[in-house]
Amino acid sequence: MATRTVTLARMNRWAILAGYGLLAASTQLLWLTYAPITSQAHRAMGVSEGAVGDLAVIFPLMYVVLALPSGRWLDTRFERALSTGAILTAGGGVLRLVGPESYGWALAGQFVVAAGQPLVLNSMTKVAARYFPERERTAAISAGSVSLYLGILAAVLIGGPLFHAGGLRLLLSVQAAVAVVAAAWVLVAVRTPAAFRGDPSVAVSLRWLWGDRFLWVLAGLLFVGMGVFNAVATWLDSILGHFGRGSAAGYLIAIMTVAGILGAAVVPQAAAKRDRRRALLQVTVAVTIVSFAAIAVVHPVGFVAVVLAVEGFVLLAALPVVLDWSELHTGPERAGAAVGFLLLAGNLGGVVLVLIVQGFIGNPYLSLAALSVAGLAGLALSTRLPASTQEGP
């Protein structure tokens, strides 16, 4: 029976990962539904643009509150926790359709999806650890990370065209349909018994987390990395506007994201194969420091596009590298809590660095300098990591 269970899981592992990836992408798609159509949505709903922006702010705030409890639940009752996350994601997407142009229903739907998001995203390394042999786990985590970036890219690219084609009803219907399909897929997939269960008795408390210095360093690096990406996505238009190039910001962010998808697909496996995770993270923060300093000095659109493509390639690849290293360090039994803690730090960084750059937004040079200084902080943190997994934390 045990041999049959392992064989079944190994046969289905890529199908399971594909369903999980679609669900993870759906959380990002629903999160950013209104971001690319803020000006149109505020008129359709009869509220201010700031109120529409708050529909996206709900997610990082909810993540900070729910990240650790969600991770703990995933470590103890994985199937039930991930199933709940899938149901909440699809349910929130459908709930918004009750009143497509009602701000109240939009707010309610966003809260429901935001409650499910930590259960979905914190499952990333758990899915890899439960269904994939060790030699394939880095690739599985990379695929999960890529799905997040694809969800973000899809939200940006389809929001405007779908709204213009059929208003909020069409946009919300398409996104709800994707979420429902993904949720149904995952609800079936989690019924497949795990090939690699680990020892669930290990994950009985979160006390281990507070004294784990290695994990705190990784959390600091995600605080910087996710914070830089969020700050660039939020303020690039304003920063380049001072140089007369603000209209190119949307395309530049898309270029950065596409380059990041490519990086996340290939870089983590190369770093893991050579056991050079620390070196990759140090290259990432070094490129961050240089990139924004260079944009402050030279800012034609072509140059900025090349710089942001390089920055995106390494910056977005850092997330799967960090998550992969955390799973190696904690083991599958504590992977849910570890990812919850790391992504909590990343979401906090997204809020804090956005606010810091906002404080300097009147001066583009100071705004870009703030991003480079964040890279310096990351470089200092990276020196506290072991050079390889053989050395240990």
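Scroll up to find the structure this text is about.
Conventions we followed
Residues numbered from 1 in each chain as written. Predicted model: local features only at pLDDT ≥ 70, side-chain atom pairs only at ≥ 80, totals over all residues. Heavy atoms only, no water. Helix = DSSP H or I, 4+ residues; strand = E, 2+ residues; numbered from the N terminus. Expected span 1.5 Å × (residues − 1). Buried < 20%, exposed > 50% of the residue type's maximum accessible area, 1.4 Å probe, protein only. Contact = heavy atoms within 4.5 Å. Polar contact = N/O pair within 3.5 Å; in protein donor to acceptor, adjacent residues only side chain to side chain. Salt bridge = Lys/Arg side-chain N within 4 Å of Asp/Glu carboxyl O. Phe/Tyr/Trp six-rings, centres within 6.5 Å; stacked < 30°, edge-to-face > 60°.

K.L.:
Just to check I follow, could you spell out helix H5 (residues 103-121) for this structure?
P.N.:
Its 19 residues place the ends of H5 26 Å apart at the C-alpha level, agreeing with the 27 Å of an ideal helix rising 1.5 Å per residue. What H5 keeps buried is the set Tyr103, Ala106, Gly109, Gln110, Val113, Ala114, Gly116, Gln117, Pro118, Leu119, Val120 and Leu121.

K.L.:
What should I look at first to understand the environment of Asp324 in this one?
P.N.:
Position of Asp324 among the secondary structure elements: in helix H13 (residues 318-330). In sequence terms Asp324 and Pro268 are 56 residues apart; their C-alpha atoms lie 8.3 Å from each other. Residue contacts for Asp324: discarding those within four places in its chain leaves Thr138, Ile141, Ala272 and Arg277. A distance of 3.0 Å separates the side chain of Asp324 from the side chain of Thr138, its partner in a polar contact.

K.L.:
Please clarify how unusual backbone geometry should be interpreted in this entry.
P.N.:
Trans is the common state for peptide bonds, and a negative phi is the common state for residues other than glycine. Backbone geometry places Asp275, a non-glycine residue, at a positive phi of 55°. Relative to the assigned elements, Asp275 resides in the loop between helix H10 (249-273) and helix H11 (277-297). In this structure Asp275 comes out as buried when scored by relative accessible area, which is 10%.

K.L.:
Whenever I open this one, the pattern of salt bridges confuses me. Can you help?
P.N.:
For side chains of opposite charge, pairing can occur when their charged atoms come near one another. Under the criterion given, the structure shown has six salt bridges. Linking Asp324 and Arg277 is a salt bridge whose minimum nitrogen-to-oxygen distance equals 3.0 Å. One end of the pair, Asp324, is in helix H13; the other, Arg277, is in helix H11, with 47 residues separating them in the sequence. No difference in accessibility class separates Asp324 from Arg277, as the two residues are buried. In the salt-bridge network here, residues are joined through shared partners; they are Asp275, Arg277 and Asp324.

K.L.:
Got a minute to help me understand the packing of aromatic side chains in this structure?
P.N.:
Pairs of aromatic rings are described using the distance from one ring centre to the other and the angle between the two planes. Taken as a whole, this structure holds five aromatic pairs when the rule is applied. A ring pair is formed by Trp31 and Phe59, whose centres lie 6.4 Å apart and whose planes are at 40°; its orientation type is tilted. Note that Trp31 is positioned in helix H1 (residues 2-31) and Phe59 in helix H3 (residues 49-76), a separation of 28 residues in sequence. Consider the rings of Trp216 and Phe341, whose centres lie 4.9 Å apart with planes at 65°: the pair is edge-to-face. Residue Trp216 is located in helix H9 (residues 213-241), and its partner Phe341 is located in helix H14 (residues 335-359); the two are separated by 125 residues in the primary sequence. For Trp216, a relative accessible area of 41% gives the class partly exposed. Of the residues examined, Phe341 reaches a relative accessible area of 6% and is grouped as buried.

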